[in-house]
Amino acid sequence: MYKTFMSEFLNTEIKFLTGVGSKRAELLQNELNIFTFEDLLWYFPYRYVDRSKFYKIDELTSEIPYVQVKGRFIKFETIGENRARRLIAYFSDGSGVIELVFFQGIKWMKESLKINTEYIIFGKPSFFNGKINIIHPEIEELAKQEKKPGSALQPLYNTTEKLKNSFLNSRGMSKLLSNLILLIKAPISETLPEYLTANYKLLSLHESLINIHFPASVEILQSARYRLKFEELFFVQLKIQIQKKFRTEKQQGHIIEKKDSYNMQFWKNRPFDYTGAQIRVLKEIRKNMISGKQMSRLLQGDVGSGKTLVAIVSMLMVIDNGFQACLMVPTEILAIQHYNTITKYLQPFGLNVKLLTGSTKKKNRTILSEELENGTLNILIGTHAIIEDNVKFSNLGLAIIDEQHRFGVAQRKKIWDKNVIPPHILVMTATPIPRTLQMTVYGDLDVSVIDELPPGRQNICTKHYTDALRLRVFGEIKNEIKKGRQIYIVYPLIKESEKFDYKFLEDGVESILRAFPPPEYSMVVVHGKQKNENKEESMRQFVAGKADILIATTVIEVGVDVPNATMMIIESAERFGLSQLHQLRGRVGRGGEKSTCILMTAENISSEAKIRMQTMCESNDGFHIAEVDLQLRGPGDIEGTHQSGLPTEFKIANLAKDGQLIQFVKTIAEEILDKDLALEKPENILLIKKLKSMKKDDEHWENIG
Ligand code: ADP
Ligand code: MG
């Protein structure tokens, strides 16, 4: 009875809540995806402030996130014209005077705020023109202070400009939640089985949801947060582990036996000895592909660790068994480069290797399609073009995806569908993925790691220079060219953008030409807006050693391999994220020579950018860099987490901080599934119910394994 009542109640459209109405309802839907009472209840505060604490004005600094001050207005002043018009309210508490600044609602403020009445103001101090002020603080008359449910911990909610204009600022949201919680007359149904809540001493869902918004005490708030994080991470893990178990236990795969004809031939003609890590990873792949179960494997290896070799040998394994293989990469440049490397290596074997990209001519495409379908094409290398529906294989045994952060789950699914029995899938990434992220984002994949670089590699010496040292950089470039080496110069953008004052490729090309005039020096340019022929021609020249300098945008980020290039200059380096910087830097240090990377930035950069530069200068370890990146940016911003099918936007869990909990709930999920894979036992009925309700959020997750 109660249960159906509650579930209907929670499904009520948000517009029916006191204080909402249809206009605000529309805003809540569009801005925050809040459609129902339940959605609102799951819209959690991002932090809390202790409203029992009052600051003195003379102790305020811009470092304190939020402050509450008790005092009186002493004077109002309107200054500025038009859009710069603002009201300055001088507010004093005896210890000092602070300026409160209002750009909106000026008239209303002036009319309703009283001099010599005690108020409480609340907001974020900022530093402007040499003093501390607060822009648009919340203001409450002390005598009329509202009594709120819960303790003195006040929740703060993120909202948007549009919502704020509709009075749904943090405080407005809090008011809505208090309206909603007053209406909750029966317990909210539990989503976790009792054996979990009891075993792990979890607060009930009901208590947690109420206390997350209006904590009765700091202790209960902690329990509520823990319970909700547990819940969020646990169901994600449960889902991932179900998929993984089904795949590894049930999903049939091609049996790739140890036949070793091409594979052996390649070994005999090997261009270099495989590293220990390459051998180990190849064994893992072989073991997986011979098992009769489908392989879905993530291969992690830092830039330059030799993943291409692993790809080639794996492809030969399936070709030895009469299957076809494909290798998919994110950019055309990379596709061409892989094609060249692979055809070079496989030349003596008489294998049919072809390239397919967006610019493949129709005539060639027709031939290629025929060969693919009649099985005479052994290896197809290309870009996204490969996953188009009209590309049909006769018998695809293995699909390799290089630099996978550009490919999403949806694309993996398309590959999956290219055969009745799905091909084995090997996803290769040079962006090391922190463990927590890996467990969540790629938790459905098996993992192999190349943790060893080919012999003779030296660390890349990385330096951070500001623009003032440009001449010195030019000097260093000249020295390097004198030694017969080649240089990359990378720019973040092609054309000047209004928003950012960065060094631009076009300007760059001019000044580099001036400093390195032909014919003494030669340079080529590669960027995303170029015609493919020009791009390829430039790359070819650089690869062939005919150009000293390659000026590029980030199109060269992944995979490009020119061992003679020993210096990389990254312009406006503050504009790049850590993993991108690490990727870019990985273009040098590929031969035996000592390589250098110079990060150029403006004089004044943010403190976060400073940490990035420092991290790069101190470390060559991709895994370490990825960890710092995760800590700095949070998982949501890490490149590719969205496309790679991060199961849900986390509402409360934090992949950067909750590593231990993730590991913990993963183990719990595995234990449950070991006992009851189909979750058929009565005690697991709640789990099934919740999983079903999650499905509608992300249907494409099914089947991907
Ligand atoms: P990534 O893992 O970044 O894709 P690559 O496969 O492009 O790295 O390899 C980087 C460079 O290292 C290439 O020039 C490749 O020929 C070379 N290489 C790969 N494996 C070995 C090895 N075992 N010994 C020596 N050099 C190797
Ligand atoms: Mg590579």
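Our structure's up above, just so we're on the same page.
Just so we're clear, the structure is a prediction, and the values are computed from it rather than from any experiment. (Residues numbered from 1 in each chain as written. Chains lettered and ligands numbered in written order. Predicted model: local features only at pLDDT ≥ 70, side-chain atom pairs only at ≥ 80, totals over all residues. Heavy atoms only, no water.)

**Considerations on the overall build of the protein chain**
How we decide: For the purposes of this entry, the term helix denotes a DSSP run of H or I that reaches at least four residues, the term strand denotes a run of E that reaches at least two, and both are numbered from the N terminus. Whether a residue is buried, partly exposed or exposed follows from its accessible area with a 1.4 Å probe, protein chains only, as a fraction of its type maximum: under 20%, in between, or over 50%, in that order. The contact criterion used is simple: two residues touch if any of their non-hydrogen atoms lie within 4.5 Å. Residue burial considers only the protein chains on display, and all accessible areas are found by Shrake-Rupley using a 1.4 Å probe.
Of regular secondary structure, the protein chain possesses 24 helices and 22 strands. With the C-alpha coordinates of the protein chain rotated into their principal frame, the extents come out at 90 × 70 × 45 Å. Taking all 705 residues of the protein chain together, 55% fall into the buried category. Counting contacts in the protein chain only where the partners sit at least 6 residues apart, residues at least 24 apart contribute 74% of the total. For the protein chain, the accessible area works out to roughly 32,900 Å², and carbon and sulfur atoms hold 51% of it.

**Section: the pairing of strand β21 (residues 565-570)**
The criterion, for reference: By definition, two strands form a pair when at least two bridges between them are found by DSSP.
Of all six residues making up β21, six are buried, and the element is well covered by its neighbours. Taken together, the five bridges between strand β18 (residues 486-490) and β21 define a ladder with parallel strand orientation. By the bridge assignment, I489 is partnered in β21 with I569. When β21 meets strand β22 (residues 596-601), the two strands line up parallel, connected through four bridges. The residue of β22 that forms the bridge with I570 is L599.

**Quick look at the environment of F9**
Positionally, F9 belongs in helix α1 (residues 2-10). For F9, a relative accessible area of 11% translates into the label buried. Considering only alpha carbons, one finds F9 and T36, 27 residues apart in sequence, at a separation of 9.2 Å. Those residues in contact with F9 that sit more than four places away from it in its chain are F37, L180, L183 and I184.

**Things to note about the side chain of E480**
Mapping E480 onto the fold places it in helix α17 (residues 470-482). The class for E480 is buried, based on a relative accessible area of 7%. Those residues within four positions of E480 in sequence are excluded, and the remaining contacts are R485, I487, T566, M567 and K594.

**Describing the packing of aromatic side chains**
Note the cut-off: Two aromatic rings, drawn from Phe, Tyr or Trp (for Trp, its six-membered ring), form a pair once their centres lie within 6.5 Å of each other, and the interplanar angle then sorts them: stacked below 30 degrees, edge-to-face above 60, tilted otherwise. A ring is considered to have a charge above it if a Lys NZ or an Arg CZ atom is located within 6 Å of its centre and within 35 degrees of its normal.
Tallied over the full model, the rule gives 20 aromatic pairs. Counting every residue linked through ring pairs, the aromatic cluster contains Y200, Y226, F230, F234, F235 and F664. Between the NZ or CZ atom of K70 and the centre of the ring of F54, over which it lies, the distance is 4.4 Å.

**A short note on the packing of helix α21 (residues 607-618) against helix α22 (residues 622-633)**
Our working definition: The angle between two axes is taken between their N-to-C directions and runs from 0 to 180 degrees, where each axis is a line fitted to C-alpha atoms and a helix contributes only its stretch in contact. Just so you know how the angles are binned, under 35 degrees is roughly parallel, over 145 roughly antiparallel, 65 to 115 roughly perpendicular, and the rest oblique. Any residue that is not Ala, Val, Leu, Ile, Met, Phe, Trp, Tyr, Cys, Pro, Asp, Glu, Lys or Arg is counted as polar, Gly included; the first ten are nonpolar and the last four charged.
Viewed as axis vectors pointing N to C, α21 and α22 meet at an angle of 175°, and their least axial separation amounts to 11 Å. As far as their axial angle goes, α22 and α21 are roughly antiparallel. Here E608, I611, R612, T615 and M616 of α21 lie close against α22, whose contacting residues are H624, I625, V628, L632 and R633. The class makeup of the residues in the contact of α21 with α22 is five nonpolar, two polar and three charged.

**Things to note about the site of ligand 1**
The line we're drawing: In this text, near means that some heavy atom of the residue lies within 4 Å of the molecule or strand in question. Nitrogen and oxygen atoms within 3.5 Å of one another constitute a polar contact, given that in protein one can donate a hydrogen and the other can accept it, and given that sequence-neighbouring residues count only through two side-chain atoms.
In the vicinity of ligand 1 there are 16 residues, among which D273, G304, K307, T308 and R457 approach most closely. Residue T275 places a main-chain N or O atom 3.5 Å away from a nitrogen atom belonging to ligand 1. Here an oxygen atom of ligand 1 sits 3.4 Å away from a polar atom, N or O, in the main chain of S305. For the shell around ligand 1, the residue count by class is four nonpolar, six polar and six charged.

**Let's talk about the pairing of β22**
Selection rule: Call a crossover right-handed when, viewed with both strands pointing away from you, the route from the first strand across the helix to the second goes clockwise.
Most of β22 sits inside the fold, with six of its six residues counted as buried. Going residue by residue along β22, you find T596, I598 and M600 tucked away on one face and C597, L599 and T601 tucked away on the opposite face as well. Pairing of strand β17 (residues 461-466) with β22 involves six bridges; the strand directions are parallel. Note on β22: the bridge partner recorded for Y465 is M600. With respect to chirality, the unit in which β21 leads through helix α20 (residues 578-585) into the neighbouring parallel β22 is right-handed.

**Focus on the nonpolar core**
Using the following cut-off: For the purposes of this section, nonpolar cores are sets of buried Ala, Val, Leu, Ile, Met, Phe, Trp, Tyr and Cys residues that join through side-chain atoms within 4.5 Å.
Ranked by internal contacts, the top residues of the largest apolar core, which has 54 residues, are F234, L238 and L380. Tallying contributions element by element places helix α9 (residues 218-250) first for this core, with eight residues. Setting aside chain neighbours within four positions, we find L238 in contact with A669, L673, L679, L687 and L691.

**Re the packing of helix α13 (residues 332-346) against helix α19 (residues 532-543)**
Quick note on the threshold: Left-handed is the label given to a crossing in which the near helix is rotated counterclockwise from the far helix by less than a right angle, and right-handed is the label when the rotation is clockwise.
Put simply, α13 and α19 touch, their axes get as near as 11 Å, and they point 50° apart. Overall, the two elements α13 and α19 adopt an arrangement that is oblique. Here the hand of the crossing between α13 and α19 comes out right-handed. Of the residues in α19, those touching α13 at E332, I333 and I336 are N532, K535, E536 and M539. In terms of residue class, the contact of α13 with α19 is made up of three nonpolar, one polar and three charged.

**Considering the pattern of salt bridges**
Using the following cut-off: For salt bridges, the criterion is a side-chain nitrogen of Lys or Arg within 4 Å of an Asp or Glu carboxyl oxygen.
Evaluated as defined, the whole model comprises 29 salt bridges. With a closest N to O distance of 2.6 Å, E190 and R227 form a salt bridge. Of this pair, E190 sits in the loop between α6 (170-183) and α7 (194-199) while R227 sits in helix α9, and the two are 37 residues apart along the sequence. Judged by its relative accessible area of 0%, R227 falls in the buried class. A salt bridge links R612 to E608, with the shortest nitrogen-to-oxygen separation between them at 3.6 Å. Taken together, the residues R612 and E608, both in helix α21 and four residues apart, mark about one turn of the helix.

**Brief notes about helix α14 (residues 362-374)**
What sets the pattern is the α-helix's 3.6 residues per turn: residues three or four places apart point alike. Basically, it comes down to this: What a helix should span is 1.5 Å times the count of its residues minus one. Within this analysis, the arc is defined by the directions that extend from the helix axis to the C-beta atoms.
Between its terminal C-alpha atoms α14 stretches 18 Å, which fits the 18 Å expected from 13 residues at 1.5 Å a residue. For α14, the full list of buried residues reads R365, L368, E371 and L372. An end-on view of α14 places all buried positions within 130° of arc, on one side of the element. Of the residues in α14, the exposed ones pointing more than 90 degrees away from the buried face are K362, K363 and E370.

**What to know about the sheet that holds strand β16 (residues 446-450)**
Taking strand neighbours across the sheet as the criterion, the seven strands line up as β12-β13-β11-β14-β15-β10-β16 in an open arrangement whose pairing is parallel. A single partner strand is all that each edge strand has here, and the edge strands are β12 (353-356) and β16. Averaged over all pairs of adjacent strands, the angle between strand axes in this sheet comes to 20°, irrespective of strand direction. Pairing between β12 and strand β13 (residues 379-382): four bridges, direction parallel. Looking at the pairing, L356 lines up with G382 of β13. Against the sheet, α13 contacts β11 (324-328), β12, β13 and β14 (396-402), and its axis sits at roughly 175° relative to β12.

Read these as spatial facts, not as claims about activity.
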